[in-house]
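# What the coordinates show
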Amino acid sequence: MKKEKEAKVLTPAQERRKQFLDTFFATIPVRIGFGIIAVMIVCAVFAPLVAPYDPYTQDLTNMLQGMSGAHFFGTDALGRDLLSRIIYGARASLSVGLVSTLIAGSVGIALGLMAGYLGKWIDAVIMRVMDAMMSIPVVILALFIGSILGKGLGNIMLCIGIVMMPGYARMTRGQVLSVKQLDYVTAGKISGATRMKNAVKHILPNCIAPNLVLATMNLGTAILTEAGLSYLGMGINPPTASWGAMVSDGYRYLQEYPHIAIIPGIFIILTVWAFNVCGDALRDATDPRLRGTR
Amino acid sequence: MRKKVIAILLTVTMTAAMLAGCGNSGSSSDSSTEPVQEENTEEPATEEDSATAEEAETAESEAGGGEIKTGGTLRVGTVQSPSVVGFTPEVTNNSFIQYLRCAYESLLYYDEAGNIVGQLASEWEADADAATLTFKLVDGVNFADGTPFNAEAVKWNIEQYIETGRSETNNIDSVEVVDDSTVTVKLKEWNSSSLEMIGFFIYYMSPTTFDEKGIEWMRANSCGTGPFVVSGFDQGVSIKYTKNENYRVEGQPYLDGIDYTIFGDSTTLTNALKAGEVDVLTYGNDCDIMKDLEGITNIITEKNSNGLGVESVGIIPSSAEESDPFYDAKVRQALCYAVDWDQIVTALSYGYYERTNQWAAPGAATYNTDLKGYSYDPEKAKALLAEAGYADGFDTVIYSASTGFQQNAATAISASLAEVGINASVEIIDGAKGNDMMANGWSGLYWHYASVGPDLGLYMGRHLDVNGAYYAKGIQHPQDCLDLLNEIRAAKDETTKVDLEWQLQEKIYDEYALFGMPLYVNAPVHMRYDYVEGAQLAKVHAVTWSPATTWLNK
Amino acid sequence: MGKYVFKRLGQSLIVVFIVTVIVFGLMHLLPGDPIQIYLGDTATEEQIAYYTKQFGLDQPLPVQYIRWIGGLFKGEMGRSITYSIDVKELLLRRVASTLSVTFPAFVLALLIGICLGVITSTHRGRTLDSLLTSIANVGIATPAFWIGMILVYIFGLKLKWLPVQGYIPFSESPSDYIKCLVMPVIVLTLGHLSSNTRQTRSSMLEVISQDYIRTARSKGLSEKTVVYKHALRNALIPIVTMMGGAVGALLGGTVVIENLFNIPGVGALMLTAIINKDYMVVQNVTFVIAVAVVICNLLIDILYGYIDPRIRVE
């Protein structure tokens, strides 16, 4: 007789985690998406180890080659290996996405907290400024700021970060307002906790989850925005590899050497899609209300 | 690339202005003693004295392309976007001359060999001692509004140019109406380039219409002696011309109208040409455009062959500040040795760009064939750097527009420089920054646009002079070079002038490497479908064409 | 209700004011001198001085700001340095072409998006849902310029079915007008369509799981009635809110599209103006766009407040 396996008993925390992971990885697209993100992160972090060639090495005798054994994706107009540039491009895209989201998130959440918690005219001022920023279309505001700060990786990160800030501010403020009403916050106030402590201890944790979801979705948007800016010529400087810039550079060769423009575009799509899909799954996994609406 | 927008604007303002905004690459002959220019035509056609360029062209096209079909509208695509089309003193960029030539004309013009011929002037005389230029106007010419083109009109126009502060006319002291068809221009001081500057770069508007309609109207419309009249102007979008029924040459223009469409992106423009949505593409001298259109048998690339309007593009280091590594001539020379310029230019331009190593196009009179130049020698570069005290190299920036070639070249150059220890990071800039740097100086390496017509006194002067308009603030101004420049300007005969010019080339490039390394000569080229005949694109001068004699063979 | 409207109106005005400050401030931080660019390299000192004075750029910044705002009240928007005509004139010419692209895109994205959203939500979990949702997800991730390039290549150059670029006004040739707009509209629609689909879908799903829907079903109403009459109406509320943001995105998104397809619209104008540091154009066009967005948001909020009384109580 088979020995019966003892049913595993999980602690509540482990139970919650299990449920979270189960919900998160429920569907196939999410698993693929997560896999893609994992691969991209590996590429970005370990680019020098993963890439077959140096992405900056030019070979003017080997320009515009198609896919081959030596160069998996072919070469570009300066004879640089496309695969290597794609891998390093992951670095640029992900770092722009990550840093700009961090900037937007941290400043945005801070502003949202202040606005929501402190209320009154601080709230009014901050929210109106955020509204004003949101009224200016993202691309236009990004072009604006980009032309002041100049081009280059760092400036683009800052620029996109500034542009995406209002979303987090609004989201956080909304969260703060709804949480503010809850009893335990009021209890905290009564018990004499300082405002700051109150905010951090009670309100902040509740704001994290929705902002995290927002961040995951925004990562995709940040990558797309950077690609668009590079396309318009306001983005990353050469020779740094950036997918958007590669598409842009490849446009003039589209007829004869389509791979130069098409392949980076595919990677943009895959990465942004992966983040969006995971963002959706994250939202479902963290928001009990939405369970069952997938 | 959307960066094309930036690149185009950068290229437009620099390229065109460099194409002698104030003057032009003249035919080498100093016209100070000859009253009437010989016209040089291949056809056994017209007499030169009162012949205008147009009539010669008519003869040519009639002899050449077959039965001329009149009618139809020519569709032209370009990235050159003017903001004014009718008030000629405000049209400063050379790349806009293509528009001016539709509705306006100048006193003088050129022929295929680069000699000066008359257009609205039938005779002219340049008196070096008296510092005057006298023009005899062609009879019976009217503006599009019917009023006569006469000496008074010429005087008025020139005065408009002076009032607007145009550099072409800043050497003019006064304009005198001798009689109804004779004008004498008194110069402040004799300058051998003045004849062409005044003759070719001033376009004549009708004073009557101007007085009647005002400057605002004039900016967006036209009233000149040219074969067409502006019928619609949408800034940054399109310019439409219709036939001038009263054009002075009987039977011309052959076309009913011309439609210009402005493009913000040169790949889109090239696509439009390939798809047949435009008939002509002007200023297609970007190697990527040329490559894209290569092999298409029914699209013809028209190039200038007489050297007028040619410009060179190169890399220029900042040498003004003592703290700048490039202040030392040895470092500048090291720059020249450190890169395989030939390979970069040839490979990245797919062979379209012609290499030059000095302030002239190969084959021009001012091209010094004895120039030592710089071979590709990284070891020598390192040695020179060590001598100058930069054995460990240094950091710098190389600025670039975002056109494919420039960006690729900048990247390639940067890689070569890295091998000798110079760390040049590539920074892409837009038109605004580019102009700013050109006017006010920069720090590092930048692209050098130079009009290389065979007249160093005029063209190099605008960079070399301490108060030069271009790049002057970013470079040194060695006194011996300046002295040589002045000698060139004062030269009375051609042989002395050319001899001095050769000396200056050697000094500037071999000794000082002052302007860094020129890369290639870049004459504007224009593309047309084979059914577009008689357009004479770039034929007499790289920026001109002949709208009057153009016809569509389909 | 009136108090709510009044309050929102006041807020909108403040937002508009802040927009002007942001735009003006940012604009003057840009490097480069617009007069220099406009005149080109042949400009002399006198010319530069002359035009600088003419455009009022020699005045101190606060004065320039006040003059601008004052002009706005009078309906004047200053003059473009690059194009030498009034900004208002320039804007009016360009608005038509931009709207020709954005309006159809907006409507199509809305209608098709809502339809697809309803379909996917009612077929939740089944193949149709998976398929359409996947396509929508990919659609959001696709860069507009990339898909635009490919379409131009296939339909313009290879098949030669459609023009590769340009804009022909309707008055000149209705058939050419439509042909020129097909690809730009498709490209612009794609992104918004996808997000509309997703939004509608999740809205619908949220609503469908509500009790009152169950009640409606148990009352024996047809599924169609349940879905369209009850569920959709309620699900539309968040979609309406989203439309406000869509206006901004549409107007901004045209920069890339207009550049690629050579459409002389507001987006292309903005890009050129930013590069040329054409103060008046950038300031005024950004201002106009922002005001358009603010007005849309205001109207939507009012609409929203009317529909859902809870919102009025802040």
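Per chain, residue numbering runs from 1 following the sequence as it is written. Labels are handed out in written order, letters beginning with A for the chains and numbers beginning with 1 for the ligands. This being a predicted model, a pLDDT of at least 70 is required before a residue's local features are given, and a value of 80 or more before pairs of side-chain atoms are given or counted; all residues contribute to the totals for chains, interfaces and linings.

### So, the overall build of chain C
For helices the rule is a DSSP run of H or I covering at least 4 residues; for strands it is a run of E covering at least 2, with both sets numbered from the N terminus onward. Per the secondary structure count, chain C includes 12 helices and zero strands. Listing the helices and strands of chain C from first to last along the sequence gives α-α-α-α-α-α-α-α-α-α-α-α. Once C-beta atoms are placed from the backbone, each residue is buried if 20 or more other C-beta atoms lie within 10 Å of its own, exposed if 12 or fewer, and partly exposed for counts between those two. Looking at the 314 residues of chain C, the share that counts as buried comes to 47%.

### Some words on the overall build of chain A
Regarding its fold elements, chain A presents 11 helices and zero strands. The order of helices and strands in chain A, counted from the N terminus, is α-α-α-α-α-α-α-α-α-α-α. Residues counted as buried form 52% of the 294 residues belonging to chain A. Here, residues touch in the contact sense if the C-beta positions derived from the backbone fall within 7 Å of one another. The contacts in chain A between residues at least 6 apart in sequence include a share of 67% that link residues at least 24 apart.

### Some remarks on helix 5 (residues 194-201) of chain B
Residue and element names in this part refer to chain B. Counting buried positions over the eight residues of helix 5 gives eight, a clear majority of the element. Those residues of helix 5 lying buried are Ser194, Leu195, Glu196, Met197, Ile198, Gly199, Phe200 and Phe201. Close packing links the buried residues of helix 5 with strand 2 (108-110), strand 3 (116-118), strand 4 (121-127), strand 5 (132-137) and strand 7 (182-187).

### Some details on the sheet that holds strand 11 (residues 280-281) of chain B
Residue and element names in this part refer to chain B. Pairing between two strands is assigned when DSSP locates at least 2 bridges connecting them. Spatially, seven strands are ordered 8-9-10-1-11-19-12 in an open sheet, and the strand pairing comes out mixed. In this open sheet, the two strands that pair with only one neighbour each are strand 8 (228-234) and strand 12 (299-303). Pairing of strand 1 (residues 73-78) with strand 10 (residues 257-262) involves six bridges; the strand directions are parallel. By the bridge assignment, Arg75 is partnered in strand 10 with Asp259. Each of strand 1, strand 11, strand 12 and strand 19 (525-529) touches helix 7 (residues 266-274); the most contacted strand, strand 1, lies at about 150° to it. Note on geometry: axes are lines fitted to C-alpha atoms, helical ones only across the stretch in contact, with angles between N-to-C directions running from 0 to 180 degrees.

### As for the packing of helix 4 (residues 82-118) of chain A against helix 5 (residues 120-135) of chain A
The packing of two helices is summarised by the inter-axis angle and the distance between the axes. All names here are of chain A. Interhelical geometry of helix 4 versus helix 5 gives an angle of 145° and a closest axis separation of 7 Å. Between helix 4 and helix 5 lies a crossing whose hand is left-handed. Judged by residue contacts, Leu111, Met114, Ala115, Gly116 and Leu118 of helix 4 engage Lys120, Ile122, Asp123, Ile126 and Met127 from helix 5. Grouping the amino acids of the contact of helix 4 with helix 5 by side-chain chemistry returns seven nonpolar, one polar and two charged. By definition, any crossing whose near helix is turned counterclockwise from its far helix by less than a right angle is left-handed, and any crossing with a clockwise turn is right-handed. Note on residue categories: nonpolar means Ala, Val, Leu, Ile, Met, Phe, Trp, Tyr, Cys or Pro, charged means Asp, Glu, Lys or Arg, and polar means any other residue, Gly included.

### Things to note about the sheet that holds strand 6 (residues 172-179) of chain B
Residue and element names in this part refer to chain B. Ordered by their spatial adjacency, four strands build an open sheet running 4-5-7-6, and the pairing between neighbours is antiparallel. Each edge of the open sheet is held by one strand with a lone partner, namely strand 4 and strand 6. On average, each strand axis in the sheet is inclined to that of its neighbour by 15°, with strand direction left out of account. As judged from the five bridges shared by strand 5 and strand 7, these two strands associate in the antiparallel manner. Along strand 7, the bridge assignment pairs Thr134 with Thr184. Seen against the sheet, helix 4 (residues 151-163) touches strand 5, strand 6 and strand 7 and runs at an angle of roughly 170° to strand 6.

### What about the nonpolar core?
By size, the foremost hydrophobic cluster in this structure holds 320 residues, and its most contacted members are Ala142 of chain A together with Met270 of chain C. Sequence-distant contacts of Ala142 of chain A, defined by excluding residues within four places in its chain, comprise Cys159, Ile160, Val163, Thr225 and Leu229 of chain A. Ranked by size, the runner-up nonpolar core spans 10 residues in total, among them Met204, Ile208, Ala231 and Leu232 of chain C. Linking buried Ala, Val, Leu, Ile, Met, Phe, Trp, Tyr and Cys residues through C-beta atoms within 7 Å yields a set, and such a set is a nonpolar core.

### Regarding the packing of helix 10 (residues 243-250) of chain A against helix 11 (residues 259-286) of chain A
Residues and elements named next belong to chain A. Where helix 10 contacts helix 11, the two axes come as close as 7 Å, and the packing angle between them is 155°. Judged on the interaxial angle alone, helix 11 and helix 10 are roughly antiparallel. For the element pair helix 10 and helix 11, the recorded crossing hand is left-handed. Across the interface between the two elements, Trp243, Met246, Val247, Asp249 and Gly250 of helix 10 pack against Ile260, Ala261, Pro264, Gly265, Phe267 and Ile268 of helix 11. Of the residues in the contact of helix 10 with helix 11, the class split is eight nonpolar, two polar and one charged. These descriptions rest on fixed angle ranges, namely under 35 degrees for roughly parallel, over 145 for roughly antiparallel, 65 to 115 for roughly perpendicular, and the rest for oblique.

### Notes on the interface of chain A and chain B
Opposite the 17 residues of chain A that make contact, chain B presents 20 residues. Breaking the side of chain A that touches chain B down by element, the ones donating at least two residues are helix 9 (195-232) and helix 10 of chain A. Looking at side-chain class alone, the side of chain A that touches chain B contains 10 nonpolar, four polar and three charged residues.

### Re the pairing of strand 6 of chain B
Residue and element names in this part refer to chain B. Relative to strand 7, strand 6 runs antiparallel, the two sharing six bridges. Bridge pairing links Val177 to Val183 in strand 7. Here strand 6 folds back onto strand 7 in antiparallel fashion, the turn holding two residues.

### Regarding unusual backbone geometry
Leaving glycine aside, a negative phi is the common case for residues, and trans is the common case for peptide bonds. Pro253 of chain B follows Gln252 of chain B through a cis peptide bond whose omega is 0°. Among the secondary structure elements, Pro253 of chain B is positioned in the loop between strand 9 (238-243) and strand 10. Unlike most non-glycine residues, Tyr350 of chain B shows phi in positive territory, near 50°. Along the chain, Tyr350 of chain B falls in the loop between helix 10 (341-348) and strand 14 (354-355). Residues other than glycine seldom take positive phi values, yet Lys160 of chain C does so here, at roughly 55°. Mapped onto the secondary structure, Lys160 of chain C falls in the loop between helix 7 (144-158) and helix 8 (174-208). Looking at Lys160 of chain C, the number of C-beta atoms within 10 Å reads 12, which means it is exposed.

### Considering the environment of Gln98 of chain B
Residue and element names in this part refer to chain B. In this fold, Gln98 is placed in helix 3 (residues 97-103). Residue classification places Gln98 among the buried residues on the basis of 24 C-beta atoms within 10 Å. Counting along the chain gives 224 residues from Gln98 to Glu322, while the straight-line C-alpha distance between them is 43 Å. Residues within four places of Gln98 in sequence aside, it is in contact with Thr282, Val543 and Trp545.

### Quick notes on the environment of Leu514 of chain B
Tracing the sequence through the fold places Leu514 of chain B in the loop between helix 17 (494-512) and strand 18 (517-522). If we ignore the near neighbours within four places in the chain, the residues touching Leu514 of chain B are Ser319, Ile475, Gln476 and Ile508 of chain B.

### Observations regarding the environment of Leu271 of chain C
Relative to the elements of secondary structure, Leu271 of chain C occurs in helix 11 (residues 266-276). Separated by 13 residues in sequence, Leu271 of chain C and Glu258 of chain C have C-alpha atoms that sit 9.9 Å apart.

### Some words on the confidence of the model for chain C
Low pLDDT means the predicted atomic positions in that stretch should not be read closely. All names here are of chain C. Confidence per residue, as judged by the predictor, is encoded in pLDDT with a range of 0 to 100. Per-residue confidence for chain C gives a mean pLDDT of 81; residues scoring 70 or more make up 92%. Per-element averaging of pLDDT across chain C places helix 2 (residues 34-39) at the bottom with 64 and helix 7 at the top with 90. Two summary scores accompany this predicted model of the complex, namely pTM at 0.78 and ipTM at 0.81.

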